[in-house]
Amino acid sequence: MLKGFREFITKGNVIDLAVAVVIGGAFTAIVTAVVDSIINPLVALFYQPGDDGKVGPELTGIYGQSVTFPLGNLITAVISFLAVALVVYFVFVVPMNKYKERQAAKNPAVEEDTLPTEQELLIEIRDLLRKDEVA
């Protein structure tokens, strides 16, 4: 049981995923700070914050209440996601794909076209068994 767990942990994909999560979490804080200090003030240039502090277009509801669509929060979430996804892709996925391509070039896999079919293998086994019976 421990041997299987050790093999699982030492596989490259698990380690890469763990690193991506840690770096993604750290980078998320940077992106959030940039969005809060640059993007949200840009949105606030066009919309005044409502009574609840949310920035976005304000409409009147059917009961006369004020309804604010918080565009600042939406823009923050979209930009944060895209920025983190781009960093994870270019820092982890692209290098790992190139590494795997190099490994595949060093150790070319046997092409399936050269492998015998199941029927050919069964015929070969049958012939060997017949040969053993005669001998």
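So, how was this worked out
- Think of each chain on its own: its residues are numbered from 1, step by step along the sequence as written.
- Two thresholds apply to this predicted model, a pLDDT of at least 70 for residue-level local features and 80 or more for giving and counting side-chain atom pairs, whereas whole-chain, interface and lining totals are computed over all residues.
- Values reported for side chains reflect all heavy atoms of the structure, with hydrogen atoms and water molecules removed beforehand.
- Only runs of H or I of at least four residues qualify as helices and only runs of E of at least two qualify as strands under DSSP, and these elements are numbered from the N terminus.
- For each residue, the accessible area found with a 1.4 Å probe, counting protein chains only, is set against the maximum for its type, and the residue is called buried under 20%, exposed over 50%, and partly exposed in between.
- Contact definition: two residues touch when any of their heavy atoms are within 4.5 Å.
- The accessible surface values rely on the Shrake-Rupley method and a 1.4 Å probe; as for residues, cover is taken only from the protein chains in view.
- Across the chain, each position has a pLDDT score giving the predictor's confidence in that residue, from 0 to 100.
- When a carboxyl oxygen of Asp or Glu lies within 4 Å of a side-chain nitrogen of Lys or Arg, that pair is called a salt bridge.
- When the centres of two rings from Phe, Tyr and Trp lie within 6.5 Å, Trp using its six-membered ring, the rings pair. Their planes under 30 degrees apart give stacked, over 60 give edge-to-face, and anything left gives tilted.
- Helix span is expected to be 1.5 Å times the residue number reduced by one.
- Working definition for bend: take the seven residues up to and ending at a residue and the seven starting at it, fit an axis to each, and measure the angle between the axes.

## Topic: the overall build of the chain
And step 1. A tally of regular secondary structure across the chain gives four helices and two strands.
And step 2. Beginning at the N terminus, the succession of helices and strands in the chain can be written as α-α-β-β-α-α.
And step 3. Classification of the 135 residues of the chain by burial places 12% in the buried group.
And step 4. Pairs at least 24 apart in sequence give 42% of the contacts found in the chain among residues at least 6 apart.
And step 5. As displayed, the chain offers around 11,200 Å² of accessible surface, 66% of which is attributable to carbon and sulfur atoms.

## A short note on the environment of Val43
And step 1. Structurally, Val43 can be placed in helix α2 (residues 12-46).
And step 2. Counting along the chain gives 12 residues from Val43 to Val55, while the straight-line C-alpha distance between them is 7.2 Å.
And step 3. Discounting residues that sit within four places of it in the chain, Val43 has contacts with Val55, Gly72 and Ile75.

## Quick notes on the confidence of the model for the chain
And step 1. In the predicted model, the chain carries a mean pLDDT of 77, and 83% of its residues have values of at least 70.
And step 2. For the chain, the element scoring lowest by mean pLDDT is helix α1 (residues 2-10), at 68; helix α4 (residues 118-134) scores highest, at 87.

## Concerning the pattern of salt bridges
And step 1. All chains considered together, the criterion is met by one salt bridge.
And step 2. Between Arg126 and Asp127 there is a salt bridge; the shortest N-O distance is 3.2 Å.
And step 3. We classify Asp127 as partly exposed; its relative accessible area is 37%.

## Side note on the packing of aromatic side chains
When we look at a pair of aromatic rings, we describe it by the centre distance and by the angle of the planes.
And step 1. Tallied over the entire structure, the rule returns one aromatic pair.
And step 2. Seen in terms of ring centroids, Tyr89 and Phe90 are 5.1 Å apart; in terms of plane orientation they differ by 80°. Their pairing is edge-to-face.
And step 3. For Tyr89, a relative accessible area of 40% puts it in the partly exposed group.

## A few points about helix α3 (residues 71-106)
And step 1. In this model α3 runs 51 Å from its N-terminal to its C-terminal C-alpha over 36 residues, within 8% of the 52 Å that 1.5 Å per residue would give.
And step 2. Residue Tyr89 marks the point of greatest curvature in α3, where the axis turns by about 35°.
And step 3. Residues Gly72, Thr76, Ser80, Val84 and Phe92 constitute the buried set of α3.

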